[in-house]
Amino acid sequence: MISDDNLAAIVDDVFARDTFLPDVSQFVDLTQHEIQALKTTYNLADAHTHQRQSDAQREIVASLPELWYESENGLQSEAEERFLDAFFRLHKQPTAAAMAKTLLSYSASVATMVAAMYLQKRDMSVSLVTPCFDNLVDLLKHMGVKLDSFPEESLHDVGSIHRRMSAVSTDAIYVVDPNNPTGFTLLKDGKDGFAELIRFCKDSGKLLIMDFCFASFVLCSDDLDRVDIYRMLEESGVSYLAIEDTGKTWPVQDAKAAMLTASEDIREDIYNIHTAVLLNVSPFVLNFLTRYVEDSIADGFASVAEVIRENRRTAREMLDGTMLEYQEPIVDTSVAWFRIAGSDVTATDLQAYLFEHEIYLLPGTYFHWDSPERGERYVRIALARRPDQFADAMAAMREVLLSHD
């Protein structure tokens, strides 16, 4: 009979073997990687918010019972109006607030699903920017939407947007701004970049779909400002859908809300699809999210921006001199994009190697969804983490990378 001590030693030995690590190369999308990362010591994969509360945010948490009963006693419409007013005030979108036609859902994925259902119902094809987060690709494909791609580089030079986008032959164009993972934004040219893209879509009769889920980080940029994009869209007469989200901004345990706004010509169709998906977002969730938005208005977005800035600086400094070369973004979003330089190692192999050391980041292959081989030169690191834990992760990662060299 095996003694308890010997049994414990055998179990420890078995679970220490690499054979018990899953083969991450078999995962079919980035979300499956992120699920595995949640089980890993150093989770640098998902862009969800894992930082701690600021002092003011802890006061919001302490007031949750009060917010609960306030929600219980109020009208759903009042909770929605307060939230949307605060959100669009923070994001400097007065036209969206005044139009009062934005639909609410529980996540950007749900809003994207509604957009995909509209495309499928109308038998419309769409060209999606690459690179981008692959759940957009999967949602469109699962809805049976005909999908093509266009490179982000087509938007880099405002003077050539119209010419380069003329190669797009689909019925709709899907842009993520700021883009995840690169941090590119049309705002680098002020209004001009958006104006040129809108003009192209209007001239060519294409539906413009805009994903603004990382737009809050524009508010962290000293040299950028969000234009009133909804005014530009409405005045142009272009057909459009715009998606916004709270999920990448505040540390609220994944309780979030997303917004979907449609141009008047397709508004009724979008509304009818949306009501088939859900009735409403919890008034309690809207109530306490409103408090977080108001807190960011009051502190100039400092509680969010300071964590991201510190962790971005740590990543740049700690990974300097390794095979990972930092890619400068236009917008400092909550993710950092690195190119593998001076090494033949692929992103797939590097991810697997780091995983063996309890460090999990995302390979660029899935972001370059139309040409995964191009993505083998890139990896993405999530920054919305506790700075002390993030610094530990960067120190461990630097050690592993230097030993690998």
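Here the structure is a predicted model, which is why all the values come from computation and not from measurement. (Residues numbered from 1 in each chain as written. Predicted model: local features only at pLDDT ≥ 70, side-chain atom pairs only at ≥ 80, totals over all residues. Heavy atoms only, no water.)

## Considering the packing of aromatic side chains
Pairs of aromatic rings are described using the distance from one ring centre to the other and the angle between the two planes.
And step 1. Under the counting rule described, the total for this entry stands at 14 aromatic pairs.
And step 2. For the pair F194 and F212, a centre-to-centre distance of 6.3 Å together with 70° between the ring planes defines the contact as edge-to-face. With a gap of 18 residues between them, F194 in helix 10 (residues 191-204) and F212 in the loop between strand 6 (207-211) and helix 11 (229-236) connect regions that are remote in the sequence. Here F194 matches F212 in class, with each residue buried.
And step 3. Their ring planes at 70° and their centres at 6.2 Å tell us that F288 and Y292 sit as a pair that is edge-to-face. Linking F288 with Y292, this pair stays in helix 13 (residues 283-298), spanning four residues, or about one helical turn. Of the two residues examined, F288 and Y292, each falls in the buried class.
And step 4. Here R226 stacks its cationic end above the ring of F212, 5.1 Å away from the centre of that ring. (Phe/Tyr/Trp six-rings, centres within 6.5 Å; stacked < 30°, edge-to-face > 60°. Helix = DSSP H or I, 4+ residues; strand = E, 2+ residues; numbered from the N terminus. Buried < 20%, exposed > 50% of the residue type's maximum accessible area, 1.4 Å probe, protein only. Lys NZ or Arg CZ within 6 Å of the ring centre and 35° of its normal.)

## Considering helix 14 (residues 302-319)
Three- or four-residue spacings in an α-helix give side chains the same orientation, since the helix completes a turn every 3.6 residues.
And step 1. End to end, helix 14 covers 25 Å across 18 residues, agreeing with the expected 26 Å (1.5 Å per residue, within 8%).
And step 2. Of all the positions in helix 14, only S303, V304, A305, V307, I308, N311, R312, T314, A315 and L319 are classed as buried. (Expected span 1.5 Å × (residues − 1).)

## Here's the deal with the side chain of S296
And step 1. In this structure, S296 sits in helix 13.
And step 2. S296 gets classed as buried once you look at its relative accessible area, which sits at 1%.
And step 3. Excluding its chain neighbours within four sequence positions, the residues that come into contact with S296 are L90, W250, F301 and V304. (Contact = heavy atoms within 4.5 Å.)

## Examining the packing of helix 7 (residues 108-121) against helix 12 (residues 264-277)
And step 1. Relative to each other, helix 7 and helix 12 sit at 120°, their axes nearing to 10 Å. One element, helix 7, and the other, helix 12, form an angle in the oblique class. Every pair of crossing elements has a handedness; the one defined by helix 7 and helix 12 is right-handed. Here V110, M113, V114, M117, Y118 and K121 of helix 7 lie close against helix 12, whose contacting residues are I266, D269, I270, I273, H274 and V277.
And step 2. Along the lines of polarity and charge, the residues of the contact of helix 7 with helix 12 split into nine nonpolar, one polar and two charged. (Axes fitted to C-alpha atoms, helices over the stretch in contact; angles between N-to-C directions. Parallel < 35°, antiparallel > 145°, perpendicular 65-115°, else oblique. Left-handed = near helix turned anticlockwise from the far one by under 90°. Nonpolar A, V, L, I, M, F, W, Y, C, P; charged D, E, K, R; others polar.)

## Remarks on the environment of D295
And step 1. Tracing the backbone through its elements, the reader meets D295 in helix 13.
And step 2. Of the residues examined, D295 reaches a relative accessible area of 13% and is grouped as buried.
And step 3. Spatially, the C-alpha atom of D295 lies 35 Å from that of D269, the residues being 26 residues apart in sequence.
And step 4. Each residue touching D295, except ones within four places of it in the same chain, is listed here: S54, A56, Q57, I60 and S303.

## Here's the deal with unusual backbone geometry
Trans peptide bonds make up most of the peptide bonds, and negative phi angles are found at most residues other than glycine.
And step 1. At the junction of T130 and P131, the peptide bond is cis and its omega measures out at 0° in the coordinates.
And step 2. Tracing the chain through its elements places P131 in the loop between strand 3 (126-130) and helix 8 (134-142).
And step 3. A positive phi is found at A100, a non-glycine position, where the angle reads about 50°.
And step 4. With respect to the helices and strands, the residue A100 is situated in the loop between helix 6 (94-99) and strand 2 (103-105).

## Side note on the sheet that holds strand 3
And step 1. In space, the seven strands of this open sheet follow the order 2-8-7-6-5-3-4, with mixed pairing throughout. Looking at strand neighbours, the two that pair on one side only are strand 2 and strand 4 (147-151), the edges of this open sheet. Taking the axes of each pair of neighbouring strands and ignoring which way they run, one obtains an average angle of 20° across the sheet.
And step 2. Inspection of the sheet shows strand 3 paired to strand 4 by five bridges, in the parallel sense. Looking across to strand 4, one finds that L128 is bridged to S149.
And step 3. Lying on the sheet, helix 11 is in contact with strand 6, strand 7 (240-245) and strand 8 (258-262); it crosses strand 7 at an angle near 165°. (Pairing = 2+ DSSP bridges.)

## Section: the sheet that holds strand 9 (residues 324-326)
And step 1. On the basis of which strands lie adjacent, the open sheet formed by four strands has the order 9-10-13-12 and antiparallel pairing. Of all strands in the sheet, those with a lone pairing partner are strand 9 and strand 12 (362-363), marking the two edges.
And step 2. Together, strand 9, strand 10 (335-340) and strand 13 (378-382) form the strand contacts of helix 14, whose direction differs from that of strand 10 by roughly 20°.

## Let's talk about the confidence of the model for the protein chain
And step 1. For the protein chain, the average pLDDT comes to 93, and 95% of its residues sit at 70 or higher.
And step 2. Within the model, pLDDT remains below 50 along residues 6-11, and this stretch shows two contacts once partners closer than five positions in the same chain are excluded.
And step 3. Under a pLDDT of 50 for its full length, residues 13-19 has, in the predicted model, two contacts with residues more than four places off or in other chains. (pLDDT = per-residue confidence, 0-100.)

## Section: the environment of L75
And step 1. Considering the arrangement of structural elements, one finds L75 in the loop between helix 4 (64-73) and helix 5 (76-90).
And step 2. Put simply, L75 and K248 are 173 residues apart on the chain and 27 Å apart in space, counted from C-alpha to C-alpha.

## Structural notes on the nonpolar core
And step 1. One finds F83, L324, I381 and M397 to be the most contacted residues of the largest nonpolar core, which totals 119 residues.
And step 2. In contact with I381, other than residues within four places in its own chain, are L44, L319, S334, V335, A336, F338, L361, F390, M394 and M397. (Core = buried A, V, L, I, M, F, W, Y, C linked by side-chain atoms within 4.5 Å.)

## Considerations on the pairing of strand 10
And step 1. In terms of residue burial, strand 10 counts as a mostly covered element, since five of its six residues are buried.
And step 2. As paired strands, strand 9 and strand 10 are joined by three bridges and run antiparallel to one another. Bridge assignment links E325 to a residue of strand 10, and that residue is R339.
And step 3. Here strand 10 runs beside strand 13; their pairing, made up of five bridges, is antiparallel.

## Quick look at the pattern of salt bridges
And step 1. Applying the stated criterion to the full structure yields 22 salt bridges.
And step 2. Residue E294 is joined to R89 by a salt bridge in which the shortest nitrogen-to-oxygen separation is 2.7 Å. Here the residue E294 occupies a position in helix 13, and R89 occupies one in helix 5, the gap between them amounting to 205 residues.
And step 3. A relative accessible area of 30% places E294 in the partly exposed class.
And step 4. The exposure class assigned to R89 is partly exposed, which follows from its relative accessible area of 41%. (Salt bridge = Lys/Arg side-chain N within 4 Å of Asp/Glu carboxyl O.)

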